[in-house]
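# Architecture at a glance
So the chains spell out like this:
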Amino acid sequence: MNQKIIFNGIILILFLSFNSLNAQDEEKKSNQDFELEIEAEYRYFYDDAAFNNQKQHFPSIAFTPEYSLNWNKGYEALNFTGFFRLDVDDERTHWDIRELYYQKAKNNWELNIGLKKVYWGVTESNHLVDIINQTDAVESFDGEDKLGQPMVQFTYTTNKIGSFDFFYLPYHRKRTFSGEKGRLRFPLVIDKDDLTYESAAEEWRQDVAFRWKHYFGAFDVGLTHFYGNGREPLFTFDQLGNINAFYPVINQTGLDLQITHNAFLWKLESIYRSAKAQDFFAMVAGLEFTFSNIDGNGLDIGLLGEYLYDERDELALNALQNDVFFGSRIAFNDTQDTSILIGGISDLESSSKIFSIEASRRFGSSWTAEVEARVFSNIDFNELILSNFREDSFLRFSISKYF
Amino acid sequence: MKKIVFILIVLITLGIQAQTSEELGLQIAKAAEQADLGFNSSTVNLKMTLKNKNGQTSERSLTTKTLELTDDGDKSLIVFNSPKDVKGTSTLTFTHKVGSDDQWLFLPSIKRVKRISSNNKSGPFVGSEFAYEDLSSQEVEKYTYKFIEEKGSLVVVEQDPVDPKSGYTRRLVTYNKDKGYRFEKVEFYDRKNALLKTLIYSNYKIYKNKFWRAATFTMKNHQSNKETILEFSDYNFDIDLSEEDFTQVALKRIGS
């Protein structure tokens with residue numbers, strides 16, 4: 001991301017914060033907090049690489065500093081989260097300002113200015129509705145890591161008809177792809193700077209988004225609309241086999257719905273995205289059921305099932321076009337917060353399957369350890385995207401220390 | 001003749017007791033509720049110490065905000081300050097006098113708010129000896145009552161949970177009727193009606209001349225020999241919170 005905007009943005013946010021901090025002398029009592037996470041990670045891809053120069057062993061280290069300052073009884077705050085990772089893959093070596101924003105809340109409204117993360121959605125296997133932040137695609141395979149998005153967010157909450165979020169998004173951030181040494185890439189290394197924009201304003205296109213979120217009884221419902229540079233690049237192939245990749249201007253309407261009834265959570269996310277080059281519908285629908293406190297000692301076993309549909313078919317970037325997901329979440333509710341998530345996605349039209357297991361546990365009061373495995377099994381050669389990853393099953397171990 | 005009179009008196013007394021022990025129990029529960037009415041809102045910091053049967057301890061700290069509602073159950077926000085890996089994890093609970101509570105969880109790492117089932121009442125809260133139901137707002141409607149005995153200022157009432165998903169057949173609650181019907185002790189009997197846990201309230205302080213709050217809760221599990229101690233500090237009854245401080249937007253704010 002452009003150094004200049006970061007710099008200007010930081011100046012603006014600090015200016016807003018301190019200006020307002022000074023104006024509130026009588027309520028000056030402020031709280032601040034600093035925290036640092038250092039994570040050592042090792043990823044091992046046990047199959048021989050599909051493409052030249054790809055490595056098998058990926059030791060890595062990441063730093064996540066966090067700083068927060070709040071005053072005016074917590075109704076005003078400045079929050080910062082940074083991120084830096086050093087990795088074997090040059091593209092995975094990256095830094096980011098995950099968040100740096102000034103926040104002010106008063107009665108039934110809230111204003112946020114700066115780089116921020118916003119999450120929308122209810123399902124587990126795919127996050128269709130979530131569109132505000134660009135995915136940090138080199139960071140993790142599940143797409144849950146995000147880049148900080150510059151924004152002005154205004155939230156208005158009503159008593160009877162839910163909350164309304166208005167977003168002004170002045171700058172688009174491109175997705176980073178694995179470098180030459182990295183796994184989970186295409187035969188051709190994609191440099192993020194080679195991707196162009198449909199919009200003449202490029203990354204400076206001024207984008208907007210809106211969300212309405214409400215709950216009544218067992219229902220939690222969200223309706224969203226986004227208009228701007230898409231977060232997913234669009235790949236088109238000409239007759240000579242050349243790839244043309246660019247960020248289209250999209251209109252995306254999203255719906256997320258969850259019904260919480262006893263131990264059942266019924267979930268639905270669906271989107272309709274339209275652009276000049278492509279219109280499509282996609283959805284995830286499923287349920288989660290939890291057997292809680294099975295042994296009288298806190299053991300919870302949750303069962304998850306979701307169906308995934310994407311009208312783009314094989315062009316769907318995440319390859320989840322007509323698939324089912326089954327999973328289980330096991331939480332021991334012990335003092336170490338031990339938990340395990342097991343899952344599998346199976347393509348209903350081919351042999352392709354992806355299995356995953358993620359487990360985590362705390363040690364002492366300031367250490368955590370995680371184990372993750374992703375297995376690409378019987379990936380169909382005809383899968384346009386996924387076939388490139390057929391040799392990219394991996395194991396990941398990480399240990400974090402919190403200061 | 002004396003004997004007959006005596007038997008009659010005993011019978012009448014027993015009869016009255018049998019008729020009124022439910023009513024008397026309910027009356028005491030209502031008196032306790034009445035005594036604590038009008039606190040409006042409060043915040044408090046909480047240190048939780050978990051002890052296993054070998055005496056090893058682990059700690060967590062939280063902040064709780066509560067908003068009193070009279071027509072329905074209270075609203076509360078809980079945010080974790082430590083252990084550091086779960087810092088910012090927060091829950092928003094709307095307690096209902098009748099029916100299941102509404103509850104949302106905020107996960108700070110991905111900024112996700114998730115509505116969660118409040119079905120799991122009997123499960124332990126973050127690995128402690130407190131079940132979710134032990135920490136939720138104590139609404140009169142959630143139990144049926146039976147007066148057991150009175151010893152000086154102490155009154156013992158049996159409380160049977162209305163919700164079949166409760167982990168208990170009954171609780172024996174000791175109230176102090178001279179101190180605003182504050183809780184002194186609760187004994188929890190499991191689904192097999194065996195004594196499971198004892199909760200002792202100590203280091204009471206009175207706030208605003210009316211609201212008794214214990215600074216220490218000690219929960220002992222007799223079956224596992226584990227123990228959890230809650231230490232409350234910095235009670236604030238002047239915070240003047242409103243409904244807007246107990247929304248999903250506020251949940252995200254407090255966890256960020």
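Along every chain, residues carry numbers that run from 1 in the direction the sequence is written. Naming scheme: in the order in which they are written, chains are lettered from A and ligands are numbered from 1. A pLDDT threshold of at least 70 governs which residues receive local features in this predicted model, and a stricter bar of 80 or more applies before side-chain atom pairs are shown or counted, although totals over entire chains, interfaces and linings include all residues.

### Topic: the overall build of chain B
Numbered from the N terminus, helices here are DSSP runs of H or I no shorter than four residues, and strands are runs of E no shorter than two. In terms of regular secondary structure, chain B is built from 3 helices and 13 strands. When we talk radius of gyration, it's over C-alpha atoms, and the globule rule is simply 2.2 Å times the number of residues to the 0.38. Relative to its length of 256 residues, chain B is compact, with a C-alpha radius of gyration of 20 Å against a globular reference of 18 Å. Buried, partly exposed and exposed are defined by the number of other C-beta atoms within 10 Å of a residue's own C-beta, namely 20 or more, between the two limits, and 12 or fewer respectively, with C-beta atoms placed from the backbone. Expressed as a percentage of its 256 residues, the buried residues of chain B come to 35%. Intrachain contacts of chain B at a sequence separation of at least 6 include 43% that bridge at least 24 residues. Placing a C-beta atom from the backbone of each residue, one calls two residues in contact when those atoms lie within 7 Å.

### Structural notes on the overall build of chain A
Within chain A, the secondary structure is distributed over 1 helix and 21 strands. For chain A, the C-alpha radius of gyration of 22 Å lies close to 22 Å, the compact-globule estimate for 403 residues. Expressed along its principal axes, the backbone C-alpha trace of chain A runs to roughly 65 × 60 × 45 Å. Across the 403 residues that make up chain A, the buried fraction comes to 37%.

### Things to note about unusual backbone geometry
At the junction of Ser82(B) and Pro83(B), the peptide bond is cis and its omega measures out at 5 degrees in the coordinates. One non-glycine residue, Asn53(A), lies in the positive phi region at around 70 degrees. Locating Asn53(A) in the fold gives a position in the loop between strand E1 (31-45) and strand E2 (57-71).

### A few points about the nonpolar core
As a rule of thumb, nonpolar side chains are buried together in soluble globular proteins. Working definition: the nonpolar core is a set of buried Ala, Val, Leu, Ile, Met, Phe, Trp, Tyr and Cys residues, joined through C-beta atoms within 7 Å. Core analysis: the biggest nonpolar cluster contains 23 residues, and Leu128(A), Val129(A), Ile132(A), Phe167(A) and Ala209(A) have the highest contact counts within it. Where this core is concerned, the elements lending two or more residues are strand E7 (163-169) and strand E15 (279-291) of chain A. Every residue in contact with Leu128(A), bar those within four places of it in the chain, is listed here: Gly254(A), Glu269(A), Ser270(A), Ile271(A), Ala282(A) and Val284(A). Leu62(B), Leu199(B), Phe217(B) and Leu241(B) belong to the second largest nonpolar core, which has 22 residues in total.

### Things to note about the pairing of strand E20 (residues 367-377) of chain A
All names here are of chain A. Strand pairing is assigned whenever DSSP identifies at least 2 bridges connecting the two strands. When strand E19 (residues 353-363) meets E20, the two strands line up antiparallel, connected through 11 bridges. Note on E20: the bridge partner recorded for Ile-357 is Ala-373. The antiparallel hairpin formed by E19 and E20 contains 3 residues in its connecting segment, where Gly-364 sits at a positive phi of about 60 degrees. Bridge analysis of E20 against strand E21 (residues 394-402) gives 8 bridges, and the strand direction is antiparallel.

### A short note on the interface of chain B and chain A
Interface extent is often summarised as the accessible area lost during association of the parts. At the interface, 26 residues of chain B touch 36 residues of chain A. For the side of chain B that touches chain A, the elements supplying multiple residues, two or more each, are strand E2 (57-67), strand E6 (112-116) and helix H3 (248-255) of chain B. Broken down by element, the residue count for the side of chain B that touches chain A peaks at 3 residues, all from H3(B). Just so you know the grouping, Ala, Val, Leu, Ile, Met, Phe, Trp, Tyr, Cys and Pro go in nonpolar, Asp, Glu, Lys and Arg go in charged, and all remaining residues, Gly too, go in polar. In the side of chain B that touches chain A, the residues fall into 6 nonpolar, 10 polar and 10 charged.

### Brief notes about the confidence of the model for chain B
Looking at chain B as a whole, the pLDDT averages 89, with 93% of positions reaching at least 70. Quick note on the complex model: pTM equals 0.90, ipTM equals 0.91. Confidence of the predictor at the level of single residues is given by pLDDT, which spans 0 to 100.

### Focus on the environment of Val79(B)
Following the sequence through the fold, Val79(B) ends up in strand E3 (residues 75-82). Excluding residues within four positions of it along the chain, Val79(B) makes contact with Leu62(B), Thr63(B), Gly88(B), Ser90(B), Ile254(B) and Gly255(B).

### As for the sheet that holds strand E8 (residues 196-197) of chain A
Residues and elements named next belong to chain A. The 3 strands lie next to each other as E8-E12-E11, forming an open sheet whose pairing is mixed. Each of the sheet's edge strands pairs with one partner strand only, and the pair in question is E8 and strand E11 (234-237). Note that E8 and strand E12 (residues 243-247) share 2 bridges and pair parallel. Bridged to Tyr-197 within E12 is Tyr-247.

### Things to note about the UniProt feature "domain: Uncharacterized protein TP-0789" (unreviewed entry) in chain B
As recorded in UniProt, the feature "domain: Uncharacterized protein TP-0789" (unreviewed entry) lies at residues 73-253 of chain B. With 6% helix and 51% strand, residues 73-253 of chain B has end C-alpha atoms that lie 23 Å from one another. UniProt positions are given in the numbering used here, feature names are shortened, and annotations may be inferred rather than shown by experiment.

### Here's the deal with the environment of Ser117(B)
Positionally, Ser117(B) belongs in the loop between E6 and helix H2 (132-135). Sequence spacing of Ser117(B) and Leu241(B) is 124 residues, and the spatial spacing of their C-alpha atoms is 26 Å. Not counting chain neighbours up to four residues away, the residues in contact with Ser117(B) comprise Thr260(A), Asn262(A), Ala263(A), Leu265(A) and Thr290(A).

### So, H3(B)
Most of H3(B) sits inside the fold, with 7 of its 8 residues counted as buried. Every buried residue of H3(B) is listed here: Gln248(B), Val249(B), Ala250(B), Leu251(B), Lys252(B), Arg253(B) and Gly255(B).

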